[in-house]
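# Understanding the architecture of this molecule
Listed below are the residues making up each chain.
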Amino acid sequence: QVQLVESGGGLVQAGGSLRLSCAASGRAFSTYNMGWFRQAPGKEREFVAAITRTGGGTQYADSVKGRFTTSRDNAKNTVHLQMNYLKPEDTAVYYCAAGRTTYLLTTRSAYDYWGQGTQVTVSS
């Protein structure tokens, strides 16, 4: 089992940056693909980014491509989401997730474990 804890959220002005981190417990972190999702009030949880076990592959939602970058450090059991040029529409609770499914990493069903989320608020 994997426990995930996100950190790094906060309030930032439009155009600013934030770096989210997700710390994982357990010794099998490197066997999990990792994903980032977000959920705004009144909306469905949506895919943001994913990174494969070794970090060799990444995927991004069209809405964040070119602005967000995900990375991981398997030695430290952490995954990061660097968010630049933030927009008010990026405001949401951001969740990291872990799963061993090797396909459809853009879907919630690919992930078995979820963190509790961290709030990101972007003011205009």
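See the structure shown above.
Throughout what follows, the structure given in this document is the object of discussion.

Thresholds, definitions, all that
- Residues numbered from 1 in each chain as written.
- Predicted model: local features only at pLDDT ≥ 70, side-chain atom pairs only at ≥ 80, totals over all residues.
- Heavy atoms only, no water.
- Core = buried A, V, L, I, M, F, W, Y, C linked by side-chain atoms within 4.5 Å.
- Buried < 20%, exposed > 50% of the residue type's maximum accessible area, 1.4 Å probe, protein only.
- Helix = DSSP H or I, 4+ residues; strand = E, 2+ residues; numbered from the N terminus.
- Contact = heavy atoms within 4.5 Å.
- Polar contact = N/O pair within 3.5 Å; in protein donor to acceptor, adjacent residues only side chain to side chain.
- Salt bridge = Lys/Arg side-chain N within 4 Å of Asp/Glu carboxyl O.
- Pairing = 2+ DSSP bridges.
- Axes fitted to C-alpha atoms, helices over the stretch in contact; angles between N-to-C directions.
- Phe/Tyr/Trp six-rings, centres within 6.5 Å; stacked < 30°, edge-to-face > 60°.

### Digging into the nonpolar core
In a soluble, globular protein the nonpolar side chains are often hidden away together inside. Grouped together as the largest cluster of nonpolar side chains are 35 residues, with contacts concentrated most on Met34, Trp36, Leu81, Met83 and Tyr94. Every element with two or more residues in this core is listed here: β3 (18-24), β4 (33-39), β5 (46-51), β8 (78-83), β9 (92-99) and β11 (118-123). Here tyrosine 94 is in contact with Glu6, Leu20, Phe37, Arg38, Val48, Phe68, Leu81, Met83, Gly117, Thr118 and Val120, once residues within four sequence places are set aside.

### Re the side chain of asparagine 33
By the element assignment, asparagine 33 lies in strand β4. A polar contact is formed between the side chain of asparagine 33 and the backbone nitrogen of arginine 53, at a distance of 3.0 Å.

### Some thoughts on the pattern of salt bridges
In total, this model carries four salt bridges according to the counting rule given. Measuring nitrogen to oxygen at the nearest pair gives 2.9 Å for the salt bridge that ties arginine 38 to aspartate 90. Here arginine 38 is found in strand β4, whereas its partner aspartate 90 is found in the loop between β8 and β9, with 52 residues between them in sequence. Here arginine 38 and aspartate 90 have matching classes, each one buried. Among the salt bridges present, the one from aspartate 90 reaches arginine 67, with a minimum N-O distance of 2.7 Å. Separated by 23 residues along the polypeptide, aspartate 90 in the loop between β8 and β9 and arginine 67 in the loop between β6 (58-60) and β7 (68-73) bring together distant segments of the chain. Both residues of the pair, aspartate 90 and arginine 67, belong to the buried class. Through salt bridges with shared partners, a single network forms among Arg38, Glu46, Arg67 and Asp90.

### What to know about the pairing of β5
In terms of burial, β5 is largely enclosed, as five of its six residues are buried. The loop that links β4 with its antiparallel partner β5 comprises six residues; one of these, glycine 42, has a positive phi angle of about 75°. In this sheet, β6 lies alongside β5 in antiparallel orientation, the contact comprising three bridges. Bridged to alanine 49 within β6 is tyrosine 60. Counting the residues that bridge the hairpin from β5 to β6 gives six residues, and of these glycine 55 lies at a positive phi of roughly 85°.

### Focus on the pairing of β4
Counting buried residues in β4 gives six out of seven residues, a clear majority hidden from the surface. For β4 and β9, the ladder comprises seven bridges, and the chain directions are antiparallel. Bridging across to β9, glycine 35 finds its partner in alanine 97.

### What to know about the sheet that holds β7
The four strands are arranged β1-β3-β8-β7 in an open sheet whose pairing can be described as antiparallel. The open sheet has two free edges, formed respectively by β1 (4-7) and β7, since each of these has just one partner strand. Pairs of neighbouring strands in the sheet enclose a mean axial angle of 15°, with direction left out of account. Bridging between β3 and β8 involves six bridges; their strand directions are antiparallel. Across the sheet, the residue bridging to alanine 23 is threonine 78, located in β8.

### Here we look at the packing of aromatic side chains
Inspection of the entire model under this criterion finds five aromatic pairs. An angle of 80° between the planes, with centres 5.4 Å apart, marks the rings of phenylalanine 37 and tyrosine 111 as edge-to-face. On the criterion of sequence distance, the pair formed by phenylalanine 37 in strand β4 and tyrosine 111 in the loop between β9 and β10 (113-114) is long-range, its members being 74 residues apart. Overall, phenylalanine 37 belongs to the buried group, its relative accessible area being 1%.

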